[in-house]
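Descriptive analysis of the structure
Spelled out from the first residue to the last, the chains are:
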Amino acid sequence: MSILEIKNLHVKIEGEDTEILRGIDLTVNPGEVHAIMGPNGSGKSTLSYVLSGKDDYEITEGSVTYKGDDLLEMEVDERASAGVFLAFQYPIEIPGVPTMTFLRTALNAQRKARGEEELTTPAFMKVVREKSQMLKIRQEMLKRPVNVGFSGGEKKRAEILQMAVLEPSLCVLDETDSGLDIDALKIVAEGVNALRSPERAMVVITHYQRLLNYIVPDHVHVLSQGRIVKSGGKELALELEESGYENFTEQAA
Amino acid sequence: MTASPNRTPAEEAFVSGFAAAEAALPSAEWLKRKQALAAFNELGLPHRRIEAWKYTDLRNLVDGAYPAQTDATLVDVEQVQELAARSIFAGIDRATAVFVDGRFRSELSALPEESAIEVLSLSDNLADAPKWLSENLGSVVPQADDAVAALNLAYMSDGAAIYVSGKCEQPLELVFVHSSGEPRTVSQRVLIVVDDEASCEIYETHVSPANGRYVSNVVTEVVLGDKATFDHVKTQNDGSEAVHLANLHAKLGAEAKFNSFSATSGARVSRQQAFVEYAGEHTDANISGVYLLADKQHGDSTLVIDHAVPNCTSREMFKLVLNDHARGVFQGKVTVRPHAQKTDGKQMAQALLLAPDAEFDSKPELEIFADDVVCGHGATAGELDEDLLFYLRARGIPKDQAMALLIAAFVGEAVEEVSSEAVRDALNEMATSWLTTHKTGALC
């Protein structure tokens, strides 16, 4: 069974007429990494928000099935507990909520929702220590409120740390490379690659091919004006890098 | 101000019930109950045409007769013990003094055993009061213009008199329990005298069953000597039918440190006044508080800070979380007298509105007559940030729990002002669980 199956998905912003997604079809199987590339305004972020359940969007047509269930019927937190994870393009600061409290609350809420035992504090600390070392996240950062005072790179690493701790089945990475210098990009990519497994799937949304040098995809899709206009292997990303999006944009129009 | 020609039923009961009550209440020659009643009779209950009571009209809000409680029998010990056990301080090593329906209960209390602190029940010690008690009781509270304080003196049945002569090791919790029963007014008094260089930590818990219909009137006087340190944490969790009227008057010696925090989640109507008077230089006063109100609860915090001498600081930080039709009021008056140079005063009141019909009224008043001071105030009101909620939920945290986290984060800045880490943890826990225990109407 596929992890994610999107069929003829049409989406518009609530209260507006223009469709942002105009018939997306995408099947993601366990173990696969799919890259979705496209110019600004092609609908990349909308796709990631719709998958995670943000409520500013209206689905006018189509379906999204996650592990056989209707994803669109699920609440935001239900999706997360079922294993859908969105690494945000712009992770926001949450003053007053310590990162550790946040991580523990999230992990235990998910475990509880799945009918699993909550993790004890020592067991939880051990998990976080291991995963944060891999991502070169200092313990001091974890004592701060979520993302408060973090640099752009630190915020992205913190997102990947959350992903590593929560161990989702479907990881959606929304422009995780934006705002990263090359060193930070490598650390983030290593963190993501460490999570690749035969049971887990990833959808990597990016504007640039650069990230895909480090997170090598199995499939590449070009999104333009709300539609997937071309799909191919990892070589498609290189082709795009050379010729630009223009060819595809015209094709879509 | 003149007496209102038409008394409300509440005022009528207060005035007409005095003679009988006076005979039943503990007495002492120096205790001027009659004068206090006369002052109340002159003033009546405060109402909205008095500027300081504009948002909290007691003539209107105290909605019937609440005769003074004079009966000293203890009805239901088990209920009292169950209520007292709800205290957020229950997990902290502390001494306790328990008052039930306006009477001290020694059998339910565990008074401090260390020599640095002496705790007396007022009712047992009025007639033969030690000098520190008779000289200080009523010394900080002005009777003439405060009807609620006058009423308190006229009817007070008991309370605690605390004398601190050294550095206390163990905190003391004053527990005020009210049982259910007929509508009544319970007036109690607390006097805390802290000697030069002495220190203490006092907790206050107010609790009752949900259906307790009473007016709780508590006047607290704090007299701090030079270099004295006073930490005060109060939780007001009176029943949802109750009216809670509290007056805190503090007189601070030189280089003293006064830190008072209150968490209010109970009572139908509450008005908490704090008056701070500086009697010496280089003194710090910190008053902070958290309000967690739902339904039609009305919570008012009114502060009057009088910088009468130079080189002192004052800090006020209040956070209000208002759900349903709840109304929060913050009034902060800071006076800096002409010679009170180098005064450093800051004030902040912030409200989080969880429902469209919740209301926050804020009235900062700064009267500055000195020219070399740093003073500031701020007030904000806002809703929960949808993006923050989404972020938390996108990590699997259910909506209620996510809101609770954000509420605790919002009030956390005020909770930070509390000195004790164990108490801060207990307060954060209380704020986090508030939403689930007070979930009523539609949330945003």
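Because the structure is predicted, anything quoted here is derived from the model rather than measured.

When its secondary structure is counted, chain A shows ten helices and twelve strands. Rg of the C-alpha trace for chain A: 18 Å, near the compact-globule value of 18 Å for 253 residues, within the 12% margin. Structurally, chain A occupies a C-alpha span of about 55 × 40 × 35 Å along its principal axes. In chain A, which comprises 253 residues, the share counted as buried stands at 54%. Partitioning the intrachain contacts of chain A with sequence separation of at least 6 by distance along the chain shows that 69% fall at a separation of at least 24.

Looking now at the overall build of chain B. Each helix and strand in chain B was counted, giving eleven helices and 19 strands. Its C-alpha atoms give chain B a radius of gyration of 21 Å, within 12% of the compact-globule value 22 Å for 444 residues. Based on the C-alpha atoms only, the size of chain B along its principal axes is roughly 65 × 50 × 50 Å. Sorting the 444 residues of chain B into buried and exposed places 61% on the buried side. Put simply, 85% of the contacts in chain B that link residues at least 6 apart link residues at least 24 apart. Distance between charge centres in chain B, computed from 37 positive and 65 negative side chains, equals 5 Å.

Counting from both sides, the interface comprises 16 residues of chain B and, opposite them, 31 residues of chain A. Between chain B and chain A the total buried area reaches about 1,900 Å² when both faces are included, carbon and sulfur atoms providing 70% of it. Between chain B and chain A we count four salt bridges in total. Asp77(A) is paired through a salt bridge with Arg393(B); the nearest N and O atoms lie 3.0 Å apart.

A few words now on the sheet that holds strand E9 (residues 170-174) of chain A. Residue and element names in this part refer to chain A. Ordered by their spatial adjacency, six strands build an open sheet running E6-E9-E10-E3-E11-E12, and the pairing between neighbours is mixed. Strands with a single pairing partner mark the edges of an open sheet, and in this sheet they are strand E6 (84-87) and strand E12 (227-232). Strand-to-strand twist in this sheet, taken as the mean axis angle between neighbours without regard to direction, amounts to 20 degrees. Where strand E3 (residues 33-37) and strand E11 (residues 219-224) come together, four bridges link them in parallel fashion. By the bridge assignment, His34 is partnered in E11 with His219.

Turning our eyes to something else, we now look at the side chain of Gln188(B). All names here are of chain B. Mapped onto the elements, Gln188 comes out in strand E6 (residues 184-194). The buried category is assigned to Gln188, whose relative accessible area is 1%. Setting aside residues no more than four positions away along its own chain, Gln188 makes contact with Phe99, Gly102, Arg103, Asn152, Ser157, Asp158, Phe176, His178, Asn217, Val218 and Val219.

All names here are of chain B. Phi is positive for Asp295, which is not a glycine, with a value near 50 degrees. By secondary structure assignment, the location of Asp295 is in the loop between strand E13 (284-293) and strand E14 (298-307). Using a relative accessible area of 41% as the deciding quantity, one classes Asp295 as partly exposed. Phi is positive for Asp324, close to 55 degrees, though the residue is something other than glycine. Mapped onto the secondary structure, Asp324 falls in the loop between strand E15 (313-322) and strand E16 (327-336). A residue is classified by how much of its surface remains accessible, and Asp324, at 8% relative accessible area, is buried.

All names here are of chain A. Pairing is antiparallel in the open sheet, where four strands are placed in the order E2-E1-E4-E5. Edge positions in the sheet fall to strand E2 (19-28) and strand E5 (69-70), since each has one partner strand and no second. Bridge analysis of strand E1 (residues 4-13) against strand E4 (residues 57-66) gives eight bridges, and the strand direction is antiparallel. Bridging from a neighbouring strand, Lys7 pairs with Ser63 of E4. Packed on one face of the sheet, helix H1 (residues 44-52) meets E1, E2 and E4 and runs near 110 degrees to E1.

The subject of this paragraph is the side chain of Asp101(B). Residues and elements named next belong to chain B. Positionally, Asp101 belongs in the loop between strand E1 (95-100) and strand E2 (103-104). The exposure class assigned to Asp101 is buried, which follows from its relative accessible area of 7%. In this structure the side chain of Asp101 is engaged in a polar contact, spanning 2.6 Å, whose partner is the side chain of Ser179. Residue contacts for Asp101: discarding those within four places in its chain leaves Gln69, Val177, His178, Ser179, Arg184 and Val186.

This part is about the pairing of strand E4 (residues 158-164) of chain B. Along a regular strand, successive side chains alternate from one face of the sheet to the other. All names here are of chain B. Of all seven residues in E4, six are buried; the element is thus mostly enclosed. In the sheet, strand E3 (residues 117-121) pairs with E4 via five bridges, with the strands oriented antiparallel. Note on E4: the bridge partner recorded for Ser121 is Ala160. Pairing geometry for E4 and E6, over seven bridges, is parallel. Considered in E6, the bridge of Val164 is made with Val194.

Attention now goes to the packing of helix H4 (residues 121-134) of chain A against helix H6 (residues 152-166) of chain A. Residues and elements named next belong to chain A. Following both chains from N to C, one finds H4 and H6 inclined at 135 degrees, their axes separated by 10 Å at the closest point. Accordingly, the angle class assigned to the pair H4 and H6 is oblique. With respect to the hand of their crossing, H4 and H6 are arranged in right-handed fashion. In this structure, H4 uses Val127, Val128, Lys131 and Ser132 to contact H6, whose residues at the interface are Leu161, Ala164 and Val165. Its residues assigned to classes, the contact of H4 with H6 shows five nonpolar, one polar and one charged.

Glancing now at the packing of aromatic side chains. Evaluated as defined, the whole model comprises 15 aromatic pairs over all chains. When the ring of Tyr49(A) is compared with that of Phe390(B), the centres are 6.2 Å apart and the planes differ by 70 degrees; the resulting orientation is edge-to-face. You can see Tyr49(A) sitting in helix H1 and its partner Phe390(B) sitting in helix H9 (residues 386-393), one on each of two chains. Each of the two residues, Tyr49(A) as well as Phe390(B), counts as buried. Among the aromatic residues, ring-to-ring pairing joins Tyr49(A), Tyr57(A), Phe88(A), Phe102(A), Phe390(B) and Tyr391(B) into one connected group. We note Arg271(B) situated over the ring of Trp53(B); from NZ or CZ to the ring centre the distance is 3.5 Å.

This part takes up the confidence of the model for chain A. Per-residue confidence for chain A averages 93 on the pLDDT scale, and 98% of its residues sit at or above 70. Of all helices and strands in chain A, the one with the weakest mean pLDDT is helix H10 (residues 246-252) of chain A (66), whereas E5(A) scores best (98).

Conventions used here
- Residues numbered from 1 in each chain as written.
- Chains lettered and ligands numbered in written order.
- Predicted model: local features only at pLDDT ≥ 70, side-chain atom pairs only at ≥ 80, totals over all residues.
- Heavy atoms only, no water.
- Helix = DSSP H or I, 4+ residues; strand = E, 2+ residues; numbered from the N terminus.
- Rg over C-alpha atoms; globule rule 2.2 N^0.38 Å.
- Buried < 20%, exposed > 50% of the residue type's maximum accessible area, 1.4 Å probe, protein only.
- Contact = heavy atoms within 4.5 Å.
- Lys, Arg positive; Asp, Glu negative; His and termini not counted.
- Charge placed at Lys NZ, Arg CZ, Asp CG, Glu CD.
- Buried area = accessible area lost by both parts, 1.4 Å probe.
- Salt bridge = Lys/Arg side-chain N within 4 Å of Asp/Glu carboxyl O.
- Pairing = 2+ DSSP bridges.
- Axes fitted to C-alpha atoms, helices over the stretch in contact; angles between N-to-C directions.
- Polar contact = N/O pair within 3.5 Å; in protein donor to acceptor, adjacent residues only side chain to side chain.
- Parallel < 35°, antiparallel > 145°, perpendicular 65-115°, else oblique.
- Left-handed = near helix turned anticlockwise from the far one by under 90°.
- Nonpolar A, V, L, I, M, F, W, Y, C, P; charged D, E, K, R; others polar.
- Phe/Tyr/Trp six-rings, centres within 6.5 Å; stacked < 30°, edge-to-face > 60°.
- Lys NZ or Arg CZ within 6 Å of the ring centre and 35° of its normal.
- pLDDT = per-residue confidence, 0-100.

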